[in-house]
Amino acid sequence: MRSWTPLQSALAALTVISAILPEATASSDELLSAHPPQSDLSAELASDDECSSSSGAPPPAGCALSAVQLRGEIRAGSPKVVAAEQHPGTFMNPILRGSYADPSIIRVGGDYYMVSSSFEYFPGIPIHHSKDLVNWELVGYALHRPEQVQGEVNLMDVQQDGGIQAATIRYNNGKFYVVTTTVYKPPGSENGKCINFIVEADDVRGPWSMPHVLADADGIDSSLFFDDNGSVWYVGAHSPEHPEYPGQGEIYLREVDLGSWTLKGETSILYHGACGGLWVEGPHIYRHDGRYYLMVAEGGTGFHHAVMAAVSDDIRGPYYSNPRNPILTARHLSYDNWVTRVGHADLVELPDGRWYAVALGVRGDVNRSSNMGRESFLVPMTWEREPDEYNPQYLWPVVAPTTAGVERVNPLPFADLAFLYKAGFRDEFQEADLDLEWNFRRLPTQGTFSLAALSGFMRLFAKPDVMSDSERSRCSLLGVRQEESDFTYRARMLFEPNSSGVEAGVMLWQKDDIYLQYTVSRSTGSWVLSLLFTDRKTPLKTLASANLAGYKGEIIFEVNCSQAGYSFGYSLADSEESMGLLEEAPADMLVYNGYTGAYLGIYSSSGGQQPQLG
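Keep in mind that what you see is a predicted model, and the values were worked out from it rather than measured.

## Digging into the overall build of the protein
Part 1 of the argument: If you tally the helices and strands in the protein, you get zero helices and 40 strands.
Part 2 of the argument: Expressed as a percentage of the 614 residues in the protein, the buried residues total 62%.
Part 3 of the argument: Within the protein, residue pairs in contact and separated by at least 24 positions form 61% of the contacts whose partners lie at least 6 positions apart.
Part 4 of the argument: Summed over its atoms, the accessible surface of the protein is roughly 23,300 Å², and 48% of this surface lies on carbon and sulfur atoms.

## As for the nonpolar core
Part 1 of the argument: In this structure, Leu434, Leu516, Tyr518, Val520, Phe557 and Tyr566 are the most contacted members of the largest nonpolar core, which totals 44 residues.
Part 2 of the argument: The leading source of residues in this core is strand S32 (residues 486-495), at five residues.
Part 3 of the argument: The contacts of Val520, once residues within four sequence positions are left out, are Met493, Phe495, Val502, Glu503, Ala504, Trp527, Val528, Leu529, Leu548, Tyr551, Ile555 and Phe557.
Part 4 of the argument: In this structure, Met295, Trp355, Met381 and Leu395 belong to the second largest nonpolar core, which totals 27 residues.

## Things to note about the packing of aromatic side chains
Part 1 of the argument: For the structure on display, the rule yields 23 aromatic pairs.
Part 2 of the argument: Relative to Trp383, the ring of Trp355 lies with its centre 5.3 Å away and its plane at 80°, an arrangement referred to as edge-to-face. With a gap of 28 residues between them, Trp355 in strand S24 (residues 355-363) and Trp383 in strand S25 (residues 374-385) connect regions that are remote in the sequence.
Part 3 of the argument: Both rings, one in Phe495 and one in Trp527, keep their centres 6.2 Å apart while their planes meet at 70°; by these two values the pair is edge-to-face. Taken together, the residues Phe495 in strand S32 and Trp527 in strand S35 (residues 526-535) connect sequence positions 32 residues apart.
Part 4 of the argument: With relative accessibility at 1%, the residue Phe495 sits in the buried group.

## A few points about the sheet that holds S24
Part 1 of the argument: With antiparallel pairing, four strands are arranged side by side in an open sheet as S23-S24-S25-S26. The open sheet has two edge strands, strand S23 (339-349) and strand S26 (395-399), and neither has a second partner. In this sheet, adjacent strand axes meet at a mean angle of 30° when their direction is disregarded.
Part 2 of the argument: For S24 and S25, the ladder comprises eight bridges, and the chain directions are antiparallel. Residue pairing for S25: Ala359 is matched across the bridge by Phe377.

## Topic: the sheet that holds S35
Part 1 of the argument: Strands sit in the order S7-S28-S31-S40-S33-S34-S35-S36 across an open sheet of eight strands; the sheet is antiparallel. Looking at which strands have only one partner, the edges of the open sheet turn out to be strand S7 (121-122) and strand S36 (538-547).
Part 2 of the argument: Looking at chain direction, strand S33 (residues 503-511) and strand S40 (residues 599-605) are connected through seven bridges and run antiparallel. The residue of S40 that forms the bridge with Val506 is Ile602.

## Here we look at the pattern of salt bridges
Part 1 of the argument: Within this structure, the stated rule accounts for 23 salt bridges.
Part 2 of the argument: Of the charged contacts in the structure, one is a salt bridge between Glu483 and Arg97, with a shortest N-O distance of 3.4 Å. Here the residue Glu483 occupies a position in the loop between strand S31 (476-481) and S32, and Arg97 occupies one in the loop between strand S4 (90-92) and strand S5 (104-108), the gap between them amounting to 386 residues.
Part 3 of the argument: Among the residues examined, Glu483 registers a relative accessible area of 19% and is labelled buried.
Part 4 of the argument: Across the pair Asp289 and Arg291 runs a salt bridge, and its minimum N-O distance is 3.7 Å.
Part 5 of the argument: A residue is classified by how much of its surface remains accessible, and Asp289, at 33% relative accessible area, is partly exposed.
Part 6 of the argument: In the salt-bridge network here, residues are joined through shared partners; they are Arg97, Arg363, Glu375, Glu483 and Glu484.

## Remarks on the pairing of S5
Part 1 of the argument: Sheet analysis places S5 next to strand S6 (residues 111-115), joined by five bridges and oriented antiparallel. Bridge pairing links Ile106 to Tyr113 in S6.
Part 2 of the argument: Connecting S5 to the antiparallel partner S6 that follows it, the hairpin turn spans two residues, and Gly109 within it adopts a positive phi of roughly 65°.

## Let's talk about the pairing of strand S8 (residues 124-130)
Part 1 of the argument: Most of S8 is tucked away, with seven of its seven residues classed as buried.
Part 2 of the argument: With four bridges joining them, S6 and S8 adopt antiparallel strand pairing. Along S8, the bridge assignment pairs Val115 with Ile127.
Part 3 of the argument: Bridging between S8 and strand S9 (residues 137-143) involves five bridges; their strand directions are antiparallel. When the sheet's bridge partners are listed, His128 is paired in S9 with Leu138.
Part 4 of the argument: Linking S8 to S9, which pair antiparallel, is a turn of six residues; within it Leu133 sits at a positive phi near 75°.

## Quick notes on unusual backbone geometry
Part 1 of the argument: Cis rather than trans, the peptide bond between Asn93 and Pro94 has omega equal to 0°.
Part 2 of the argument: One can find Pro94 in the loop between S4 and S5.
Part 3 of the argument: Cis geometry marks the peptide bond from Phe122 to Pro123, where omega comes out at -5°.
Part 4 of the argument: Structurally, Pro123 is set in the loop between S7 and S8.
Part 5 of the argument: Positioned with a positive phi, Asp221 is a non-glycine residue whose angle comes to about 55°.
Part 6 of the argument: Along the chain, Asp221 falls in strand S14 (residues 220-226).
Part 7 of the argument: A relative accessible area of 7% means that Asp221 is categorised as buried.
Part 8 of the argument: With a phi close to 50°, Trp279 is a non-glycine residue in the positive phi region.
Part 9 of the argument: Mapped onto the secondary structure, Trp279 falls in the loop between strand S17 (262-271) and strand S18 (281-288).

## Side note on the side chain of Ser370
Part 1 of the argument: Residue position: Ser370 is located in the loop between S24 and S25.
Part 2 of the argument: Among the residues examined, Ser370 registers a relative accessible area of 0% and is labelled buried.
Part 3 of the argument: Of the polar contacts made by the side chain of Ser370, one reaches the backbone nitrogen of Gly373; its length is 3.3 Å.

## A few points about the confidence of the model for the protein
Part 1 of the argument: The predicted model of the protein has a mean per-residue pLDDT of 84, with 83% of residues at 70 or higher.
Part 2 of the argument: A low-confidence stretch, residues 41-68 (pLDDT under 50), is modelled with 115 contacts involving residues beyond four sequence positions or located in other chains.

## What to know about the environment of Asp221
Part 1 of the argument: Taking C-alpha positions, Asp221 is 9.8 Å from Cys194, a pair spaced 27 residues apart along the chain.
Part 2 of the argument: A distance of 3.0 Å separates the side chain of Asp221 from the backbone nitrogen of Gly282, its partner in a polar contact.

What counts, and at which threshold
Residues numbered from 1 in each chain as written. Predicted model: local features only at pLDDT ≥ 70, side-chain atom pairs only at ≥ 80, totals over all residues. Heavy atoms only, no water. Helix = DSSP H or I, 4+ residues; strand = E, 2+ residues; numbered from the N terminus. Buried < 20%, exposed > 50% of the residue type's maximum accessible area, 1.4 Å probe, protein only. Contact = heavy atoms within 4.5 Å. Areas by Shrake-Rupley, 256 points an atom, 1.4 Å probe, with all protein chains shown as cover. Core = buried A, V, L, I, M, F, W, Y, C linked by side-chain atoms within 4.5 Å. Phe/Tyr/Trp six-rings, centres within 6.5 Å; stacked < 30°, edge-to-face > 60°. Pairing = 2+ DSSP bridges. Axes fitted to C-alpha atoms, helices over the stretch in contact; angles between N-to-C directions. Salt bridge = Lys/Arg side-chain N within 4 Å of Asp/Glu carboxyl O. Polar contact = N/O pair within 3.5 Å; in protein donor to acceptor, adjacent residues only side chain to side chain. pLDDT = per-residue confidence, 0-100.

Here is the structure:
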């Protein structure tokens with residue numbers, strides 16, 4: 001047994017209350033009802049009659065309540081991680097911690113907005129807002145209603161690592177636009193389809209429109225450019241008609257009609273990359289110095305990832321490649337650098353004429369990687385004209401002009417504003433809507449959760465679905481992004497289902513087939529606490545289990561993670577004063593495995609069977 005140290009006052013906490021009623025049925029009129037602007041994702045998904053209580057008393061037996069607390073913290077003792085408060089006037093990268101890849105940024109007046117890839121998760125395309133480029137708030141999602149993702153844009157049975165990839169946000173004449181690609185492979189097929197579409201909104205917080213699919217736009221990583229003459233251009237990445245080698249990419253351009261949502265005119269091929277042309281993608285066009293600048297990602301999203309630039313007097317080209325490419329990368333640094341895989345950038349101009357870049361990268365906390373996967377980083381940049389010996393003396397973007405790379409600690413963009421480090425979040429479910437931080441793997445099915453039973457409680461309903469890549473599961477699972485390698489995650493759960501074969505608890509996961517499951521279940525009259533693990537090399541197996549002889553319907557889970565590894569603790573008492581240890585495990589079990597990062601969440605299932613009354 002060991003004691004738990006209370007949360008440090010400088011660190012935020014997450015508190016969650018949830019309930020599980022495996023035998024409950026769904027009420028169709030409570031499904032994701034519209035409540036503008038962004039509550040559509042959290043409107044009720046199940047009937048609350050069984051757990052309602054006008055007196056405020058606890059719900060009746062058969063419900064499960066859990067209180068969940070998450071603490072993320074800066075890893076202590078590492079020279080690679082320095083708290084910003086030790087260096088006044090600085091901020092600390094990444095600016096968006098956790099699985100926020102492929103950042104795209106705009107400025108509207110004194111406000112900055114950034115969108116990220118969301119892949120198979122719902123709600124999709126997170127939108128962050130900032131006044132100072134370093135303190136960001138999640139304010140909504142561009143895909144926040146079920147009807148947006150139940151047609152050609154499909155987040156119902158999308159494959160893992162498919163879905164929404166490389167969104168771009170732009171603003172023009174009072175309207176916000178997000179253009180992106182969704183990648184979908186039908187179940188059982190290896191042949192996928194890339195669908196490019198645009199959503200629009202008058203308010204960045206929503207509501208956002210239905211997807212406008214661009215039928216003639218092939219390839220991936222779409223972007224928009226609004227020219228000074230009123231024309232609007234679509235720029236994307238695809239494979240050449242006759243590729244010379246695997247992975248060869250090219251950037252193409254077409255004009256777009258935003259009235260009919262169609263591409264028009266001829267296709268212009270703009271660029272094949274600068275350093276080999278492997279996986280040329282992520283294009284953006286900017287107008288500066290009277291010319292058109294094209295910026296792309298190249299090298300794939302691994303250790304060779306990089307950002308390239310080219311320039312032209314005509315938007316249709318030809319484009320002259322920057323002889324000093326790449327303009328941003330970590331490919332020239334050690335694999336043990338604090339951040340690697342840097343690339344896929346976007347640029348923003350400040351009101352005073354200064355410029356910054358945002359780019360993705362992967363921290364090197366664990367095995368030259370991290371559980372968080374690809375995150376968003378901020379890097380200063382400037383423009384420099386070629387020296388006199390060069391002709392025609394183009395002006396070029398110079399990213400990280402004095403450091404040549406992404407730094408952990410950096411001077412603040414606005415010296416009179418402070419950087420406020422915050423980790424985790426607190427949600428006591430006092431509102432009618434689910435906190436924006438919560439995500440589901442794919443669009444949740446009817447009857448997944450409810451908030452309306454009793455103020456301060458969430459109910460998570462067990463269903464037959466389990467975590468499964470082959471089934472493209474939409475199981476009863478929701479979670480928040482892991483933001484730091486070191487964290488404490490705990491959940492208090494009241495769980496006495498009237499059904500047999502039901503399990504509930506916490507889940508830590510990377511993919512449908514890479515996860516740690518820490519749950520309580522009832523088997524042949526006994527209560528069992530189990531820790532299970534699977535990855536792509538290991539079939540689902542039990543790492544540890546214990547009979548809970550003293551279980552009376554309440555348990556506290558605790559998961560700690562540090563450089564030493566995971567520890568999985570629990571207590572059957574009604575306080576967090578002490579914890580027993582069930583198991584320890586290596587820290588790299590959920591390390592980044594491509595595209596998305598780790599989540600911490602709550603899970604319940606009836607193990608593949610329809611729940612039956614006990």
